[in-house]
Amino acid sequence: MKIDKSLMSGSTTLLILSLLSGEEMYGYQMITELARRSNHVFALKEGTLYPILHGLEAEGLVSVREKKSPEGRTRKYYRITRKGGRALDARKEEWVTFREQVDAVVNSAAPA
Amino acid sequence: MRDAFQIWVDAVCEQVRFQPDRKAIAQELRVHYDDHVKDLLRLGRDPALAEERALEAMGDAQEVGRALDKVHKPWLGWLWEASRALALALTVLTLVTLLWTVGLNSLVERTIDELTWEEPPASAVKAELEHGTLYAAPGDVTQEPGGKATAEIRLWLQMRDPLGTDPYYGIKNWFFTYRDEHGELSVQETDPLTRTAAASRYWRNPGVSRVGWTRHSQTVELVLDGPPQWAEVSYPLSGQDWVLRVEWEVEP
């Protein structure tokens, strides 16, 4: 099952910051990890990842550095900052509340 | 020839108004695309199909480009570039000023000093002063037409800082007393000589200030009524008694 794009767009920051909270990653790695961890439910249009990443960088939530990969390619690696960590905690809390309330509404509307 | 991806990435970058960022964006997207193609090839996909799939996965160029443009705001970018240029200019200016005022100036002076400085000869007479040492030695004597003679007296001054009001201040400012067997005269910068028709003087070394000490060397050239056999140089206003007596070897 693929998820509707509009449902994804609100949560991309949360998803990306969550991914980066474990380790620093480059863009393509994030896409494959996101797909793997969500059992291929979350599939971002890959190009749209970069405006999000650059936005997070501008806000200071992630930092970026160039690093040579073992195959000799220069890649940009993103890493979560302290500020990003705090933003992630806030987003998580927001998400939990949101999920609980959506569940509550959806379940109450279900026929008995 | 532009491949399909290049066309896509060009379309993305066209949307980004802040041109200086375009290159880095294109490069990052290219690396991503290449990674994806390689992954698909590893799965055994046909190369043409792999490229097609990877490109398709990138999404709509217009959409990606517009989103990037929103993040890479031109005014913010130019402000950043301007602040960097300003910082660079300030750094260069500071360095040049620093080099000019301390480094270059003292380097040039030191080099000139090292090249032109001659130590006083062993035969030089010397006076130990409160803040340093004054040396004197006889220079050349030249017979001029009409019985006059030009006599050179060479002086060296090595002073420790701070100078304060020092007995050799007069020497530095060309104010001292010269006496020989014919009589006495006072040598001043403004009123050169009283006894002779003409006098001139020149610096052999302008003198260099260094941390802790200063040295000067100078040659006084005096046009006298006749060739002197000896001369005494002193500075009676110094409050400290010193007389340096130089003697010329009389030619047979």
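Predicted model, so just to flag it, every value in this text is computed and none were measured. Along each chain, the written sequence defines residue order, and numbers are assigned to residues from 1. Going through the entries in the order they are written, you letter the chains from A and number the ligands from 1. Owing to the predicted nature of the model, reporting of local features is limited to residues with pLDDT of at least 70; listing and counting of side-chain atom pairs is limited to 80 or more, with chain, interface and lining totals taken over all residues. As a convention, hydrogens and water are excluded, and side-chain values are obtained from all of the structure's heavy atoms.

Counting secondary structure elements, chain B contains six helices and nine strands. Relative accessibility thresholds used throughout: buried, under 20% of the residue-type maximum; exposed, over 50%; partly exposed, between the two (1.4 Å probe, protein chains only). When the 252 residues of chain B are sorted by exposure, 39% land in the buried category. Sequence separation of at least 24 residues holds for 60% of the intrachain contacts in chain B that already meet a minimum separation of 6. Under the convention used here, a 1.4 Å probe and the Shrake-Rupley method define accessible areas, while residue burial counts only the protein chains that appear. Surface exposure of chain B reaches about 14900 Å², of which carbon and sulfur atoms provide 57%. Secondary structure elements follow DSSP: runs of H or I of four or more residues count as helices, runs of E of two or more count as strands, with numbering from the N terminus. We call two residues in contact when some of their heavy atoms are within 4.5 Å.

Residue and element names in this part refer to chain B. Only Phe, Tyr and Trp rings are paired, with Trp represented by its six-membered ring, and only when their centres lie within 6.5 Å; those with planes under 30 degrees apart are stacked, over 60 edge-to-face, the remainder tilted. Within the structure shown, the criterion is met by five aromatic pairs over all chains. On the basis of an interplanar angle of 80° and a centroid distance of 4.9 Å, the ring pair of Phe18 and Trp78 is categorised as edge-to-face. Of this pair, Phe18 sits in the loop between α1 (4-15) and α2 (22-42) while Trp78 is found in helix α5 (residues 74-116), placing the two residues 60 residues apart along the sequence. Overall, Phe18 belongs to the buried group, its relative accessible area being 2%.

A few words now on helix α4 (residues 61-71) of chain B. Along α4 of chain B, the residues classified as buried are Ala61, Val64, Gly65, Leu68 and Asp69 of chain B. One side of α4 of chain B carries all its buried residues, which in axial view fall inside an arc of 135°. Directions are taken from the helix axis to each C-beta atom, and the arc is the one they span.

This next bit is on the layout of surface pockets. Put simply, the second largest pocket is a space of about 540 Å³. Buriedness for pockets is judged along seven lines, at least five of which must meet protein on both sides within 12 Å for an open set on the 1 Å grid over protein atoms alone, while cavities are sets there where a 1.4 Å probe fits but cannot get out, and lining residues have an atom within 4 Å of a point. Lining the second largest pocket are 20 residues, with Glu57 of chain A together with Phe18, Asp21, His72 and Trp80 of chain B positioned closest to its centre. Among the elements of the structure, α4 (49-58) and β3 (74-80) of chain A together with α2 and α5 of chain B are those that each provide at least two residues to the lining of the second largest pocket. Taken together, the residues that form the lining of the second largest pocket break down as 11 nonpolar, three polar and six charged. Grid points are joined across faces, edges and corners, and a volume is the space filled by probe spheres set on the points. Charged residues are taken to be Asp, Glu, Lys and Arg, nonpolar residues to be Ala, Val, Leu, Ile, Met, Phe, Trp, Tyr, Cys and Pro, and polar residues to be all remaining types, Gly included.

On to the interface of chain A and chain B. Taken together, the contacts link 19 residues of chain A with 22 residues of chain B. Counting the surface lost from both chain A and chain B, the interface buries some 1800 Å², and carbon and sulfur atoms represent 55% of this. The term salt bridge refers to a pairing of a side-chain nitrogen on Lys or Arg with a carboxyl oxygen on Asp or Glu at a separation within 4 Å. At the surface where chain A touches chain B, the tally comes to two salt bridges. Of the charged contacts, one joins Arg73 of chain A and Asp34 of chain B as a salt bridge, the two residues approaching to 2.8 Å between their closest N and O atoms. Within 3.5 Å is the distance limit for a polar contact, defined as a pair of N or O atoms, with the added protein rule that one can donate a hydrogen and the other accept it, and that residues adjacent in sequence qualify only through two side-chain atoms. Across the chain A-chain B interface, the total number found is 13 residue pairs in polar contact (both at pLDDT 80 or more). Looking at the side of chain A that touches chain B, its residues break down into six nonpolar, seven polar and six charged. Summed over both partners, the accessible area lost on bringing two parts together, with a 1.4 Å probe, is the buried area.

Take the pattern of salt bridges next. It is possible for side chains of opposite charge to pair when their charged atoms get near one another. All chains considered together, the criterion is met by 13 salt bridges over all chains. Here Arg245 of chain B and Glu247 of chain B are joined by a salt bridge, their closest N and O atoms 2.9 Å apart. Through salt bridges with shared partners, a single ionic network connects Glu24, Arg65, Lys67 and Arg79 of chain A.

Before going further, it helps to spend a moment on the environment of Ser63 of chain A. All names here are of chain A. Structurally, Ser63 can be placed in strand β2 (residues 62-68). On the accessibility criterion, Ser63 (29% relative accessible area) is partly exposed. Apart from residues no more than four positions distant in its own chain, Ser63 is found in contact with Tyr77, Tyr78, Arg79 and Thr81.

Each axis is a line fitted through C-alpha atoms, and for a helix only the stretch in contact is used; angles between axes span 0 to 180 degrees, taken between their N-to-C directions. The interhelical angle for the contact between α4 of chain A and α4 of chain B, taken along N-to-C directions, is 5°, at an axis separation of 8 Å. Viewed along their axes, α4 of chain A and α4 of chain B adopt a mutual orientation that is roughly parallel. Contacts from Tyr50, Pro51, His54 and Gly55 of chain A of α4 of chain A reach α4 of chain B at Val64, Ala67, Leu68 and Val71 of chain B. Residues that form the contact of α4 of chain A with α4 of chain B fall into these classes: six nonpolar, two polar and no charged. Orientation is classified from the angle alone, with under 35 degrees giving roughly parallel, over 145 giving roughly antiparallel, 65 to 115 giving roughly perpendicular, and any other angle giving oblique.

Moving on: the environment of Trp242 of chain B. Residue and element names in this part refer to chain B. The residue Trp242 is located in the loop between β8 (230-234) and β9 (243-247) in this model. Overall, Trp242 belongs to the buried group, its relative accessible area being 7%. Between the C-alpha atom of Trp242 and that of Leu129, which follows or precedes it by 113 residues, the distance is 8.3 Å.

With that settled, the discussion passes to the nonpolar core. To qualify as a nonpolar core, a set must consist of buried Ala, Val, Leu, Ile, Met, Phe, Trp, Tyr and Cys residues joined through side-chain atoms within 4.5 Å. Counting residues in each nonpolar core, the largest one holds 40 residues, and the members touching the most others are Leu20, Met30 and Leu49 of chain A together with Phe5, Trp8 and Leu29 of chain B. Taken together, the elements giving at least two residues each to this core come down to α2 (12-22), α3 (27-37), α4 and β3 of chain A together with α1, α2, α3 (47-58) and α4 of chain B. Apart from residues no more than four positions distant in its own chain, Leu49 of chain A is found in contact with Ile16, Gly27, Met30, Ile31 and Leu44 of chain A. With 21 residues, the next largest nonpolar core counts Leu129, Ala136, Val246 and Trp248 of chain B among its residues.

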